[in-house]
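Residues per chain are reported as follows:
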Amino acid sequence: MTAGRPLALPGLRVSTLALPQVPAAPEAGAPPSAPVVGSPASGRASRPRRSTDELRAIVSAAAPRLADATAQEVAAWAAAEFGGLLAVACSMADAVLPHLISRAAPGVDVLFLETGYHFAQTTATRNRVAAELPIRVVDVMPRLSVTEQDAAYGAELFARDPAACCRMRKVEPLAAQLEGYEAWVTGVRREEAPTRAATPIVSWDDKHGLVKLNPLAAWTFDDLLAYAAEHQVTLNPLLTQGYPSIGCEPCTARVAPGADPRSGRWAGLDKTECGIHT
Ligand code: SF4
């Protein structure tokens with residue numbers, strides 16, 4: 001294991017955890033992995049997607065059984081149950097969830113919302129993760145490029161109407177991408193925010209019409225970092241630079257020591273979620 005170093009994250013009690021070194025970037029000139037842009041799940045499935053009634057029945061049976069399951073147990077069950085019709089959502093703040101799921105389901109699709117507004121560190125993390133793990137990173141693209149959105153709605157829509165910007169660049173593209181999968185996995189954790197305090201491990205996602213899995217729901221941030229340290233999982237370097245929650249660059253501010261970890265997201269606005277999980 002890599003030697004640890006003190007870690008000070010605002011508002012988080014992680015003072016003595018060992019963090020893995022961020023692995024060296026792929027050599028210059030070596031592309032990380034060819035981007036897979038909005039590729040449909042159906043092209044990788046070995047069987048047709050089951051009906052909504054069938055999937056709901058699976059949730060009803062599994063939810064109570066897996067309510068206290070470990071993340072590894074949930075990953076193993078999901079791999080066996082959904083096979084190639086399973087997707088992982090990842091913001092590239094860290095690669096813990098892709099690492100965890102790909103150990104049970106190598107080759108799994110990892111959906112990255114390519115909003116066009118990411119920090120350079122997040123894009124670099126995406127590229128590293130795509131090169132390091134046995135996954136297929138799918139860049140989920142908005143219908144409009146940033147330039148086209150600026151032309152249609154004016155520059156910096158995020159500052160005037162972040163709900164509309166998130167809807168066009170995150171919520172709608174993800175909803176379209178999820179069609180065809182039977183289940184998706186998210187890294188939502190209950191301790192992140194009051195709105196996430198009741199997050200179940202397994203549930204039916206009525207909004208998107210598929211099974212939703214939150215295997216890390218009961219994890220603390222310390223648990224996340226401990227897993228990353230144990231398995232040498234890549235972390236976005238911004239995590240240790242005052243950004244415990246990382247979204248698009250224009251809407252993510254550095255968090256003051258002791259403050260709510262998500263207080264840097266849409267800081268100063270009456271907005272706490274992009275709309276994907278609400
Ligand atoms: S987080 Fe900000 S920049 Fe990103 S999609 Fe939402 S409003 Fe737009």
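Residues numbered from 1 in each chain as written. Predicted model: local features only at pLDDT ≥ 70, side-chain atom pairs only at ≥ 80, totals over all residues.

Q: Sorry if this is basic, but what is going on with the packing of helix 2 (residues 71-82) against helix 3 (residues 96-104) here?
A: For any two helices packed against each other, the geometry comes down to the angle between their axes and how far apart the axes lie. Relative to each other, helix 2 and helix 3 sit at 50 degrees, their axes nearing to 8 Å. Classified by the angle their axes make, helix 2 and helix 3 are oblique. Here the hand of the crossing between helix 2 and helix 3 comes out right-handed. Residue-level inspection shows Ala-71, Gln-72, Ala-75, Ala-76 and Ala-79 of helix 2 in contact with helix 3, the latter providing Leu-100, Ile-101, Arg-103 and Ala-104. Residues belonging to the contact of helix 2 with helix 3 are distributed by class as follows: 7 nonpolar, 1 polar and 1 charged. (Axes fitted to C-alpha atoms, helices over the stretch in contact; angles between N-to-C directions. Helix = DSSP H or I, 4+ residues; strand = E, 2+ residues; numbered from the N terminus. Parallel < 35°, antiparallel > 145°, perpendicular 65-115°, else oblique. Left-handed = near helix turned anticlockwise from the far one by under 90°. Contact = placed C-beta atoms within 7 Å. Nonpolar A, V, L, I, M, F, W, Y, C, P; charged D, E, K, R; others polar.)

Q: How do you make sense of the environment of Ala-197 when you look at a structure like this?
A: Structurally, Ala-197 is set in the loop between strand 5 (183-185) and strand 6 (202-205). Counting along the chain gives 20 residues from Ala-197 to Ala-217, while the straight-line C-alpha distance between them is 8.7 Å.

Q: Help me understand the site of the ligand, please; the structure alone is not making it clear to me.
A: Taken together, 13 residues lie near the ligand, and Phe-158, Cys-165, Cys-166, Cys-248 and Cys-251 sit nearest. Among the elements that make up the shell around the ligand, the one with the highest residue count is helix 7 (residues 162-178) (5 residues). For the shell around the ligand, the class distribution of residues is 9 nonpolar, 2 polar and 2 charged. (Near = placed C-beta within 6 Å.)

Q: For this particular structure, what's the right way to read helix 2?
A: Every α-helix winds through 3.6 residues per turn, so residues three or four apart in the chain are directed the same way. For helix 2, which comprises 12 residues, the first-to-last C-alpha distance of 16 Å matches the rise-based estimate of 16 Å (1.5 Å per residue) to within 8%. Every buried residue of helix 2 is accounted for by Ala-71, Val-74, Ala-75, Ala-78 and Phe-82. For helix 2, the buried positions fall inside an angular range of 100 degrees around the axis, keeping them on one side. The inward-facing, buried residues of helix 2 contact strand 2 (86-89), helix 3, strand 5 and strand 7 (210-213). Downstream of helix 2 by a residue or two, Gly-83 has a phi angle that is positive, lying close to 50 degrees. (Expected span 1.5 Å × (residues − 1). Buried ≥ 20, exposed ≤ 12 C-beta atoms within 10 Å, placed from the backbone. Arc of directions from axis to C-beta.)

Q: Could you clarify how one ought to interpret helix 8 (residues 221-231) in this entry?
A: If you check which residues of helix 8 are buried, you get Phe-221, Leu-224, Leu-225 and Ala-228. The buried residues of helix 8 all sit within an arc of 90 degrees when viewed along its axis, so they share a single face. Buried residues along helix 8 sit in contact with helix 3. Positive backbone phi, at 55 degrees, marks Gln-232, one or two positions downstream of helix 8.

Q: What is the right way to look at the pairing of strand 7 in this model?
A: For a regular strand, side chains alternate in direction, first toward one face of the sheet and then toward the other. Here 3 bridges tie strand 5 to strand 7, and the two strands are oriented parallel to one another. Its bridge partner lying in strand 7, Val-185 is registered against Leu-213. Pairing analysis gives 4 bridges linking strand 6 to strand 7, with the strands arranged antiparallel. The residue bridging Ser-203 from the neighbouring strand is Lys-212, located in strand 7. (Pairing = 2+ DSSP bridges.)

Q: Looking at this model, I keep getting lost on unusual backbone geometry. Mind explaining?
A: Keep in mind that most residues, glycine aside, have a negative phi and that most peptide bonds are trans. With a phi angle near 65 degrees, Met-92 is a residue other than glycine that sits in the positive phi range. With respect to the helices and strands, Met-92 occurs in the loop between strand 2 and helix 3. In this structure, Gln-232 takes a positive phi of about 55 degrees despite not being glycine. Structurally, Gln-232 is set in the segment after helix 8. The exposure class of Gln-232 is partly exposed, given the 14 C-beta atoms found within 10 Å.

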